[in-house]
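Structural description and commentary
Here's the letter readout for the chains.
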Amino acid sequence: MRRPVSPAPQLELLKDALTKTPFKDRVFLVGGCVRDRLLGTPEPDDLDLVVQGSALEVAKLLYKLRIADGPHAVYARFGTAMVMVQGRRIELATARAESYQPGSRKPEVVPASLEEDMLRRDFTINALMESLWTGEVIDLLGRGLADLKQGILRTPRDPLLTFADDPLRMLRAVRFKHRFTLTYAPGLEEAIQEKASECRHLSQERIRDELVKMILHPTGPAALEDLRRLGLIEVFAPELAAMKGVEQGGAHHLDVWDHTLLTLGKAATLDL
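This section reports on the structure supplied with the text. (Residues numbered from 1 in each chain as written. Predicted model: local features only at pLDDT ≥ 70, side-chain atom pairs only at ≥ 80, totals over all residues. Heavy atoms only, no water.)

Structural notes on the side chain of D226
Mapping D226 onto the fold places it in helix α10 (residues 220–229). A relative accessible area of 3% means that D226 is categorised as buried. Setting aside chain neighbours within four positions, we find D226 in contact with V174, K177, H178 and Y184. (Helix = DSSP H or I, 4+ residues; strand = E, 2+ residues; numbered from the N terminus. Buried < 20%, exposed > 50% of the residue type's maximum accessible area, 1.4 Å probe, protein only. Contact = heavy atoms within 4.5 Å.)

Observations concerning the nonpolar core
Judged by nonpolar contacts, the single largest core of 65 residues is most densely connected at L62, L92, L171, L227, L232 and F236. Per-element tally for this core: the top contributor is helix α7 (residues 168–179), with six residues. With near-sequence residues (within four places) excluded, L62 lies in contact with L14, A17, L18, I67, A68, V83 and L92. (Core = buried A, V, L, I, M, F, W, Y, C linked by side-chain atoms within 4.5 Å.)

Examining the pattern of salt bridges
On inspection of all chains with the given rule, the structure shows 24 salt bridges. Here D226 and K177 are joined by a salt bridge, their closest N and O atoms 3.3 Å apart. Note that D226 is positioned in helix α10 and K177 in helix α7, a separation of 49 residues in sequence. Among the salt bridges present, the one from R208 reaches D209, with a minimum N-O distance of 3.0 Å. Under the relative-accessibility criterion, R208 is labelled partly exposed at 46%. Through salt bridges that share partners, D122, R172, R175 and E210 make up one connected network. (Salt bridge = Lys/Arg side-chain N within 4 Å of Asp/Glu carboxyl O.)

Looking at the packing of aromatic side chains
Counted according to the given criterion, the structure contains two aromatic pairs. Taking the centre distance of 5.9 Å and the plane angle of 85° together, the rings of F123 and F176 count as edge-to-face. Here F176 lies in helix α7 and F123 lies in the loop between α4 (114–119) and β8 (129–131), a separation of 53 residues in the sequence. Neither residue differs from the other here; F123 and F176 are each classed as buried. (Phe/Tyr/Trp six-rings, centres within 6.5 Å; stacked < 30°, edge-to-face > 60°.)

Some thoughts on the sheet that holds β8
Reading across the sheet, the seven strands line up as β3-β4-β5-β2-β1-β8-β9 and stay open at both edges, with mixed pairing between neighbours. Lying at the two open borders of the sheet, with one neighbouring strand each, are β3 (73–75) and β9 (137–138). In this sheet, β9 lies alongside β8 in antiparallel orientation, the contact comprising two bridges. The partner of E130 across the bridge, within β9, is V137. (Pairing = 2+ DSSP bridges.)

Points about the pairing of strand β2 (residues 47–51)
Summarising burial for β2: four of the five residues are buried, a large majority. The pairing of strand β1 (residues 27–30) with β2 spans three bridges and is classified as antiparallel. Opposite L29, over in β2, you have L49 as the bridge partner. Summarising the sheet, β2 and strand β5 (residues 88–94) pair through five bridges and their orientation is parallel. Bridge pairing in β5 links L47 to I90.

Some words on the layout of surface pockets
Put simply, the largest pocket is a space of about 1,700 Å³. D48, R121, D122, R172 and R206 are, among the 43 residues lining the largest pocket, the residues nearest its centre. Elements supplying a minimum of two residues to the lining of the largest pocket: α2 (32–39), β2, β5, β6 (96–99), α7, α9 (204–215) and α10. In terms of residue count, the dominant contributor to the lining of the largest pocket is α7 (six residues). Residues belonging to the lining of the largest pocket are distributed by class as follows: 15 nonpolar, seven polar and 21 charged. (1 Å grid on protein atoms, 1.4 Å probe; cavity = no way out; pocket = protein on both sides within 12 Å on 5 of 7 lines; lining within 4 Å. Points joined across faces, edges and corners; volume = space filled by probe spheres on them. Nonpolar A, V, L, I, M, F, W, Y, C, P; charged D, E, K, R; others polar.)

Quick word on α2
Across the eight residues that make up α2, a large majority, six, are buried. Restricting attention to buried positions, one finds in α2 the residues G32, C33, V34, R35, D36 and R37. With its phi angle positive at about 80°, G40 sits one or two positions after the end of α2.

Focus on the packing of α7 against α10
Viewed as axis vectors pointing N to C, α7 and α10 meet at an angle of 145°, and their least axial separation amounts to 9 Å. As for the relative orientation of α7 and α10, their crossing is right-handed in sense. Residues L171, V174, K177 and H178 of α7 lie in contact with α10, whose contacting residues are A222, A223, D226, L227 and R229. Each residue belonging to the contact of α7 with α10 can be placed in one class, and the counts come to five nonpolar, one polar and three charged. (Axes fitted to C-alpha atoms, helices over the stretch in contact; angles between N-to-C directions. Left-handed = near helix turned anticlockwise from the far one by under 90°.)

Points about the environment of T41
With respect to the helices and strands, T41 occurs in the loop between α2 and β2. Given the relative accessible area of 29%, T41 is considered partly exposed. Among residues more than four places away in sequence, those in contact with T41 are D36 and F180.

Have a look at this one:
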């Protein structure tokens, strides 16, 4: 699948700056930006790029060429860097493979092929790349474009392995399902239910960020109900799960949980 090169001025600057360097044709847009543009939805403010080679060297080069707005941030352990170009945040990542020790959220990282990098990602629809030079969309796993078209949420590997690596991906699965009106691939829902207890290892900040994204979207009530149904919410917010089945009495025909979801849905329609 081929599309015109992105007109985003920041990407044009990067393309022009890297054309006469060893990194030509070795830098790709990846993840949510590619997915959202294919879906025709607003793309994220941040742009993610994957590099065949050293992302740290690309960041240094962009600063040296005065393409970056200022000094770059480097996260050498993970092979990643962040630069600002014309006020837009751009994340650069070396193509890599990751492995996790049980109970740890900090992976061991080694350089790897682009195919291996795509396999470590959360879902096939987020494992699509786009050439910075030609605009060609590249589906190295051979499933992402079809899953996006058919509305299927699938992990690149066995979902039990994908969720064990980072349990936050289970919350992201719920958010993506409802935000993009997707269907869980066979086995994915069961994997979430089996691995739900692993969410106890997540920081409250990471959980909060996912919940806020869900609640602020019009599909928030359905997403929260999925969190409850799959056994996730009782792990990190048992007081919310306990609302299910609590009768209100009087004229209320809904329990506290369903009434809360109804109120959240009504709030999303208000023009504040």
